[in-house]
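Understanding the architecture of this molecule
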Amino acid sequence: MIEGCTFTARPTGGSNAVQMKGGTRDVLVRRNRFLDAGARAINIGGSTGLQFFRPKVEGFEAKDIRVEGNLFVGATAPVAFVGVDGATVRFNTFHLPGRWVMRILQETTAPGFIPCRAGVFTDNIVVFRSDMWSEGGCNIGPNTAPDTFRFARNAWFCTDRPKASRPTLPTAETDGIYGLDPGFVDPERGDFSLRPDSPAKGKGHTAMPERDAPAADPTAPAPRSPQNGTGTTPTRP
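Residues numbered from 1 in each chain as written. Predicted model: local features only at pLDDT ≥ 70, side-chain atom pairs only at ≥ 80, totals over all residues. Heavy atoms only, no water.

The next point concerns the pairing of strand S22 (residues 191-194). Alignment of strand S21 (residues 184-186) against S22, held across two bridges, turns out to be antiparallel. From the neighbouring strand, Phe-184 faces S22, where its bridge partner is Leu-194. Between S21 and S22, which follow one another and run antiparallel, lie four residues, and Gly-190 among them has a positive phi close to 85 degrees. (Pairing = 2+ DSSP bridges. Helix = DSSP H or I, 4+ residues; strand = E, 2+ residues; numbered from the N terminus.)

Now for the sheet that holds strand S7 (residues 40-45). Taken in spatial order, the five strands of this open sheet run S3-S7-S10-S13-S16, and their pairing is parallel. Unpaired on one side and paired on the other, strand S3 (16-20) and strand S16 (138-140) mark the two borders of the sheet. Within this sheet the neighbouring strands show an average axis-to-axis angle of 10 degrees, counted without direction. (Axes fitted to C-alpha atoms, helices over the stretch in contact; angles between N-to-C directions.)

Next up on the list: the nonpolar core. One finds Phe-34, Ile-42, Ile-44, Phe-81, Met-102, Phe-121 and Trp-156 to be the most contacted residues of the largest nonpolar core, which totals 36 residues. Going through the elements one at a time, S3, S7, strand S8 (62-68), strand S10 (77-82), strand S11 (84-90), strand S13 (102-105), strand S15 (125-128) and strand S18 (155-158) are the ones with two or more residues in this core. Ala-155, Ile-177, Leu-180 and Phe-192 belong to the second largest nonpolar core, which has eleven residues in total. (Core = buried A, V, L, I, M, F, W, Y, C linked by side-chain atoms within 4.5 Å. Buried < 20%, exposed > 50% of the residue type's maximum accessible area, 1.4 Å probe, protein only.)

Where burial is concerned, the two faces of S13 agree: the one with Met-102 and Ile-104 and the one with Arg-103 and Leu-105 are both buried. The pairing of S13 with S16 spans three bridges and is classified as parallel. The residue bridging Ile-104 from the neighbouring strand is Ile-140, located in S16.

Nothing here speaks to function; it is all geometry.
Below is the structure:
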């Protein structure tokens with residue numbers, strides 16, 4: 001487990017704050033702060049020489065990883081799924097990523113390796129600018145299985161073009177919220193908690209359930225409200 005840490009950029013830059021590869025599995029990354037923490041703040045997976053895998057080569061770089069309750073500010077791509085066989089990214093807040101909010105990649109293509117697959121991205125808040133947003137926010141590389149990824153109940157907001165808030169995802173999202181300012185208390189001073197009237201209530205890093213709470217079914221619909229619906233752009237009542 002990696003919990004309660006703050007990761008910041010070095011003066012010389014850097015690639016990652018946290019990287020889990022070489023056969024890593026069953027790792028939890030929760031309640032951390034990533035502040036301009038590299039090109040890929042969290043690299044779930046990667047590229048590893050086969051002789052360095054531990055305990056042995058099993059056809060994936062990383063498996064059964066959970067990233068939850070974290071705050072990400074900046075980074076070219078805060079989260080990358082790279083040669084993953086199952087990972088969940090939920091209840092995080094992403095503020096002004098540099099190019100994408102996520103990447104789906106495959107860097108290890110040796111025989112027997114599965115394509116990057118089975119990622120889950122739910123209950124997150126993503127705030128971005130249109131001039132710092134490429135490919136609809138999700139970069140997909142070759143030799144991957146993006147059709148196995150699932151998305152649900154995320155809140156997306158483009159600060160300079162709210163009508164352009166809907167991301168381009170490899171599969172349809174369930175109960176996403178698009179184009180509504182989530183209402184951070186004071187982001188300029190680092191307070192990314194939500195105001196009481198926030199349309200993104202119940203999402204993001206401040207809404208992370210207690211540790212023993214079971215993960216929600218990513219395909220289960222959220223309760224209907226004027227600000228939450230499948231396949232629609234919500235508006236204020």
